[in-house]
Structures are given as C-alpha cells and as structure tokens.
Amino acid sequence: MKYVVLYTSADDVVAKAPAHFPAHKARLDEYHARGDLLMVGTFGDPQREGSMAVFRTRESAEAFAAGDPFVVNGVVARYEIRDWHEILTP
C-alpha cells in the first residue's frame, strides 16, 4: 500500500508559493532522497485542482505534510491523506 497526500491550494497560491518554494523543494528532496517520497506534482491547473504526492508510509506522509512550508505558511488551504492500493508495480 502507498499513501497519497492531496493538497487543496489556497486562493492566492500564485502569489504565496514563490516565497516558500525553496524550503518546500528542500523538503521534497529530503524525503525523496531517503526513499519516502515516490512521486509528486501538480494537476493541470494547480489553483483549481491542487497537487498530490505519493509516499511509501503513512507516517512519512503525515510528517511531510505537517511540516511542509506550503502548509505551515498557508500556500495550501487544506490537505488529506488517503490510503492507495497500488495494483500495477514495476
């Protein structure tokens, strides 16, 4: 099983995100380097559709989101974590 974090963007995401992106990216890189973060990205229109990330464990998904500069600084309006039963694996 994998764990998906779904982010809902704040109304002013375009204005807020740039200031916090370097710290957000550093956190992404840290979690990816240790194998906890498998995939991450925005949907077609991040303002309306948000973004998602796939994690190896629920604990890493929860820890990432709770301390993510995008969450802490209001770039993300809310998030949820869902269990994901992956069927096709490499």
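As a starting point, this report considers the structure included with it. Since the model is a prediction, treat every value here as computed from it, not as a measurement. Residue numbers restart at each chain and count upward from 1, following the sequence in its written direction. Since the coordinates come from a predicted model, pLDDT governs what is reported: local features require at least 70, and pairs of side-chain atoms require 80 or more to be given and counted, while whole-chain, interface and lining totals use all residues. Only hydrogens and water are set aside when side-chain values are computed; all heavy atoms of the structure are taken into account.

Some details on the nonpolar core
Okay, so step 1: Think of a nonpolar core as a cluster: buried Ala, Val, Leu, Ile, Met, Phe, Trp, Tyr and Cys residues, connected wherever their side-chain atoms sit within 4.5 Å. A 1.4 Å probe rolled over the protein chains alone gives each residue an accessible area, and that area as a share of the maximum for its type sets the label: buried under 20%, exposed over 50%, partly exposed in between. The biggest cluster of nonpolar side chains holds 17 residues, and the ones touching the most others in it are Val5, Tyr7, Leu37, Phe55, Ala61 and Phe64.
Okay, so step 2: In this description a helix means any DSSP run of H or I spanning at least four residues, a strand means any run of E spanning at least two, and both kinds are numbered starting from the N terminus. For this core, the elements supplying multiple residues, two or more each, are strand E1 (2–9), helix H1 (13–33), strand E3 (51–55), helix H3 (58–67) and strand E4 (76–84).

Looking at the sheet that holds E4
Okay, so step 1: Taken together, the four strands give an open sheet; going across it, the order is E2-E3-E1-E4, and neighbouring strands pair in antiparallel fashion. At either margin of the open sheet sits one strand with a lone partner, and together these are strand E2 (37–42) and E4. With direction set aside, neighbouring strand axes in the sheet form an average angle of 15 degrees.
Okay, so step 2: Strand pairing is assigned whenever DSSP identifies at least 2 bridges connecting the two strands. Where E1 meets E4, eight bridges bridge the pair, whose relative direction is antiparallel. When the sheet's bridge partners are listed, serine 9 is paired in E4 with valine 76.
Okay, so step 3: In this description, contact between two residues means that some pair of their heavy atoms is separated by no more than 4.5 Å. All axes are obtained by fitting lines to C-alpha atoms, using only the stretch in contact for helices, and the reported angles, taken between N-to-C directions, cover 0 to 180 degrees. H1 rests against E1, E2 and E3 of the sheet, and its axis sits at about 165 degrees to E2.
Okay, so step 4: Lying over the sheet, H3 contacts E1, E3 and E4, oriented at roughly 175 degrees with respect to E4.

Section: the side chain of histidine 24
Okay, so step 1: With respect to the element layout, histidine 24 can be found in helix H1.
Okay, so step 2: A residue is classified by how much of its surface remains accessible, and histidine 24, at 8% relative accessible area, is buried.
Okay, so step 3: Apart from residues no more than four positions distant in its own chain, histidine 24 is found in contact with Phe64, Asp68, Pro69 and Phe70.

Considerations on the packing of H1 against H3
Okay, so step 1: Between H1 and H3, whose axes approach to 11 Å, the crossing angle comes to 165 degrees. As the angle between them shows, H1 and H3 are arranged roughly antiparallel. At the point where H1 passes H3, the crossing takes the right-handed sense. Only Ser60, Ala63, Phe64 and Gly67 of H3 make contact with H1, whose side of the interface consists of His24, Arg27, Leu28 and Tyr31.
Okay, so step 2: Here the contact of H1 with H3 is built from residues that sort into four nonpolar, three polar and one charged. Under this scheme an angle from 65 to 115 degrees is roughly perpendicular, one under 35 degrees roughly parallel, and one over 145 degrees roughly antiparallel; angles in between are oblique. For a crossing to be left-handed, the near helix must be turned anticlockwise from the far one by less than a right angle; the clockwise case is right-handed. Residue polarity follows a fixed list, in which Ala, Val, Leu, Ile, Met, Phe, Trp, Tyr, Cys and Pro are nonpolar, Asp, Glu, Lys and Arg are charged, and the others, Gly among them, are polar.

With respect to the packing of aromatic side chains
To describe a pair of aromatic rings, one takes the distance between the centres and the angle between the planes.
Okay, so step 1: Ring geometry is summarised as follows: Phe, Tyr and Trp rings, the Trp one being its six-membered ring, pair when their centres sit within 6.5 Å, and such pairs are stacked at plane angles under 30 degrees, edge-to-face over 60 and tilted between the two. Under the counting rule described, the total for this entry stands at five aromatic pairs.
Okay, so step 2: Summarising the aromatic geometry, the rings of phenylalanine 21 and phenylalanine 70 are spaced 6.5 Å apart at their centres and angled 50 degrees between planes, so their arrangement reads as tilted. Separated by 49 residues along the polypeptide, phenylalanine 21 in helix H1 and phenylalanine 70 in helix H4 (residues 69–72) bring together distant segments of the chain.
Okay, so step 3: Taking the relative accessible area as the measure of exposure, phenylalanine 70 reaches 10% and is therefore buried.
Okay, so step 4: An angle of 85 degrees between the planes, with centres 5.1 Å apart, marks the rings of tyrosine 31 and phenylalanine 64 as edge-to-face. With tyrosine 31 in helix H1 and phenylalanine 64 in helix H3, this residue pair connects regions lying 33 residues apart in the sequence.
Okay, so step 5: When its relative accessible area of 2% is taken as the criterion, phenylalanine 64 is described as buried.
Okay, so step 6: Ring-pair connections join several aromatic residues into one group, and the members of that group are Tyr31, Phe55 and Phe64.
Okay, so step 7: The aromatic ring of phenylalanine 64 is capped on one face by arginine 27, whose charged end is 5.4 Å from the ring centroid.
Okay, so step 8: Any Lys NZ or Arg CZ found within 6 Å of a ring centre and within 35 degrees of that ring's normal is scored as a charge over the ring. Directly above the ring of tyrosine 31 sits arginine 34, whose terminal nitrogen or CZ lies 4.0 Å from the centroid.

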